[in-house]
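Chains, contacts and geometry: an overview
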Amino acid sequence: MTYALPANPEFVAKLHGVSEPMSYLSLEAAEAAGFGSISRLPRTLKVMAEDILFRLPAPQARAQISALITRAPTLPVSFAPGRALLQDFMGIPLMTDMASMRDALAEQGRDPVLLDPAIPVDFVVDHSLNVLFSGNPEAYARNQQAEFERNAERFAFIKWCQQSFSRFRVIPPGRGIMHQVNLEWLSHVVTLNPDTRLARPDTMIGTDSHTTMVNALGVLGWGVGGIEAETAMLGTPLEMGAPRIVGIRLTGVRPAGTTATDLVLHVAEKLRAVGVVGAFLEFHGAGVSQLPLADRATIANMAPEYGATCAWFPIDGLTLEYLRMTGRDARHLARVRAYAQAQGLWQDPETVDTVTLDFDEEHIFDLSQVVPSMAGPTRPDQRVALCDVPSSFDERMREIAPEATASDSGSLDHGAVVIAAITSCTNTSNPEVMIAAGLLARKARAAGLSPRPWVKTSLTPGSRVVTDYLTDAGLMADLEALGFHNVGYGCATCNGNSGPLAPDIQARIERDTLCTVGVLSGNRNFEGRIHPQTKGAYLASPPLVIAAALAGSVTRDLTSASLGTDPDGNPVFLADIWPDAAEISALVAQYVTAERFQKCYASGMETTDAWDALKAPQGVRFPWDDTSSFIRPSPFPTLDAVLDVGRPENGRIDGIRPLLMLGDAITTDHISPNGAIRTDSPAGRYLQDQGTDPGRLGNFGTRRGNPEICLRGMFDNSLLNNELVTGTRGNHARHAPSGRVMTVYEVCESYRQMGTPLIIIAGRNYGQGSSRDWAAKGLTLMGVRAVLAESFERIHRTNLVGMGILPLTFPVGMTRHDLGVTDDTVFALEMPRSGLHAHCEVILHHDLPGGSPHQFVLIAQIASESEVHILSRGGLLPHMMAKLMAA
């Protein structure tokens, strides 16, 4: 459903402070009319209140705004985002769902065009770039050519979507990373309807967890799974309980010699410790005025790494300065200022301490405490001071290879940095750290330093503006001299598309069983994500990525050990080549200009020569190719016909077998990896049986449009630790009736043939990381009916419900170890007599062989009655199909 006119027009008022006529929906007027103390709401909730006032008649609007004010978790509130942002790894399976739903409509005699986006959709193709070539001037062109050759079927499907669906714009490969393009170009901050002249806040959802980067502009938006995105795209508002709002008061000033990357790693460490999973964060206070918008964007980008739904910054003068710098015109800036001031979204540095907002809780972060840091070796919140990186790797070695010893041998050994990547929108969107990297490269080059020969170096900027200003500043030549050539505009190493290591390096790692690492300026470093042959990864600022490449090992203390020697044999230290802050600022001011952004985004964003030449099908229904290994119909819109294992009969599911028992911080990279498909894996064997060349298996990310591949890739992570199979890591599970240890897919297939429902048991923060819904979709096809964990990450919990899987948590003080799981364990789940409802109790029965039966009271992590209906339908897509059929 779309909303052209406000449901409460009596609150429309003239917007002052602009040179052209326009109006807005006044929150102040609604408060005066008795809608409650809206003025004391945190700013994110003011945006939600405006949306509610715009869509809902007064009685419903009053009830939902009251829920926002009281923060009653049992009262539902709704949110209708103004637009959606997709990327290809998540967007392709989403659109195969949409295309399959059109087929289902047509087969029932309905018009397939009934299924069409109700809000604008931008589809950015940025996740397909693979660093196959690097370290030379030809890398960019060769990677781009390989990207189109290897993804021809996928890109043709995307182009069909572009032609077949309304309100659907595609940003083709090579134009930039979705979040950086969103920040620099797509976002309006305040929109203006050209017909009604009504100004409204820019709001959105995205199929990538780092959609939160746009919060730095004061745009409310967050990452969702593909199935939830489909709901919003079809015009159905998202429903949730009133969110918990956590205020983060920033004080102090970030010290000289530190970067925005150092800052965000401190923030991630602190907020993981505080516990903000699922919360809306609002940064405020005097310290906000000390942060350029690019620094705010770095912090907002990594909200998923500390578990928050969003990480919102108020609109202020620095917001306007960034909008001006990125080419927005004066009228646009005036509209943003006037609207933000009228609706209470503006932070004035002169009056910041006099504003009172009703946060649920508040924490203080002192910017002056930031020190140079990295994060790793397996999680983004594992911040370590730069001097402590070697000892953090020693600890990792004791965990995974206790018999090995790391040393700074000056050769390819344990701790060697085999990947050094300046990558990701998290940091390449920040001109200060990119200029700093270029200057450090210049000084290193002048000192005669170069990366160690085993280091694979690459640069993948988030937009073309970056290479433009680096080139004009003369810094690209210095970066290229150290092997940091531009290899393409896309996510690349940050999402696991690191490409192969040199054959001799790979052979040496395998022969000597070396524990090597990657160092990248990305936002994630989960186990097995960056490259299958690295046993750890560290997040670092772009200049520190270069320093790590020069040192060649994380066993070397970059704060005290030399990076190498100059031509005269003198040691060169990091402090000798670290750029001066004034020098960085001068180059940013000179070369990072509005004219440069305007030129970059003036044309060519919606097409390229290669995209124009790409042939794609026509028509409202997609012509599926049964031989394709990339794009196949989705089974999920007709899920009940696909999967009928373990449906609750008389409020009970019996005969449940535990499939996996896992520890804390299990990520979606453990559950549904993006990385390379191994030849000996279930997915690899399936592809080879279908005739695929073993050398062209690719990765799971590019094959997410094929359910057969994704199903076989579930839990195919070499570092997975299934506690039900002792003594080994990797893709292993035990088939209890036979006692055989097989791959997870093989065990699930055996259970599926027997009609056995399954459960997964885990520790805290299950489902961290990417918003990828295949981490839930795959479980459904495996026959998993419930996941029991100590706690869930927000997006993954929502995805589980969306796929008809029951998320359960232990009561406080209980963990998986209290269940007494053995090889013979069989569970039953007993639902409440009154049926499932939000946060209800579910009884887990565990009948121990030869012992007395045990019962455990669990909590169903169901947020609303709407989610109960979704679960009862078997998932969100069958639920949506039923609504479409009934329309």
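Summary of the structure given here.

Calculation notes
Residues numbered from 1 in each chain as written. Predicted model: local features only at pLDDT ≥ 70, side-chain atom pairs only at ≥ 80, totals over all residues. Heavy atoms only, no water. Axes fitted to C-alpha atoms, helices over the stretch in contact; angles between N-to-C directions. Helix = DSSP H or I, 4+ residues; strand = E, 2+ residues; numbered from the N terminus. Parallel < 35°, antiparallel > 145°, perpendicular 65-115°, else oblique. Contact = heavy atoms within 4.5 Å. Nonpolar A, V, L, I, M, F, W, Y, C, P; charged D, E, K, R; others polar. Pairing = 2+ DSSP bridges. Buried < 20%, exposed > 50% of the residue type's maximum accessible area, 1.4 Å probe, protein only. Phe/Tyr/Trp six-rings, centres within 6.5 Å; stacked < 30°, edge-to-face > 60°. Lys NZ or Arg CZ within 6 Å of the ring centre and 35° of its normal. Expected span 1.5 Å × (residues − 1). Polar contact = N/O pair within 3.5 Å; in protein donor to acceptor, adjacent residues only side chain to side chain.

A separate point is the packing of helix α2 (residues 43-55) against helix α3 (residues 58-70). Two elements in contact, α2 and α3, have axes separated by 9 Å at closest approach and are oriented at 170°. Taken together, the axes of α2 and α3 are roughly antiparallel relative to one another. When α2 is examined against α3, the residues Leu45, Met48, Ala49, Ile52 and Leu53 are found in contact with a partner set consisting of Ala61, Gln64, Ile65 and Leu68. Taken together, the residues that form the contact of α2 with α3 break down as eight nonpolar, one polar and no charged.

This brings us to the sheet that holds strand β5 (residues 121-124). Pairing is parallel across the open sheet formed by five strands, whose spatial order is β6-β5-β4-β9-β10. Strand pairing shows two members of the sheet lacking a second neighbour, β6 (168-171) and β10 (220-223), which therefore form its edges. Direction aside, the axes of adjacent strands within the sheet are offset by 20° on average. Pairing of strand β4 (residues 83-87) with strand β9 (residues 203-206) involves three bridges; the strand directions are parallel. Across the sheet, residue Ala84 finds its bridge partner in β9, namely Ile205.

A separate point is the pairing of β10. Of the two faces of β10, the one lined by Leu220 and Trp222 and the one lined by Gly221 and Gly223 are each fully buried. Two strands pair when backbone bridges link them, and β9 and β10 are joined in this way by four bridges, in the parallel orientation. Bridged to Ile205 within β10 is Trp222.

Let us look at the packing of aromatic side chains. Tallying each qualifying case throughout the model produces 19 aromatic pairs. Looking at Arg62, its charged tip hangs above the ring of Phe35, at a distance of 4.2 Å from the centre.

The next subject is helix α4 (residues 88-107). The terminal C-alpha atoms of α4 lie 28 Å apart, and with 20 residues this matches the ideal 28 Å at 1.5 Å per residue to within 8%. The buried fraction of α4 is high, at 18 of 20 residues. One side-chain oxygen at the N-terminal end of α4 lies 2.8 Å from the backbone nitrogen of Phe89; it belongs to Gln87. Where α4 terminates, the next one or two residues include Gly109, which has phi positive at roughly 80°.

Moving on to the sheet that holds strand β14 (residues 310-312). Spatially, four strands are ordered β14-β13-β12-β15 in an open sheet, and the strand pairing comes out parallel. Pairing within the sheet leaves two strands with one partner each, and these edge strands are β14 and β15 (361-366). The sheet shows a mean angle of 25° between the axes of neighbouring strands, direction not considered. As defined by bridge partners, strand β12 (residues 245-251) adjoins strand β13 (residues 280-284) across five bridges and the pair is classed as parallel.

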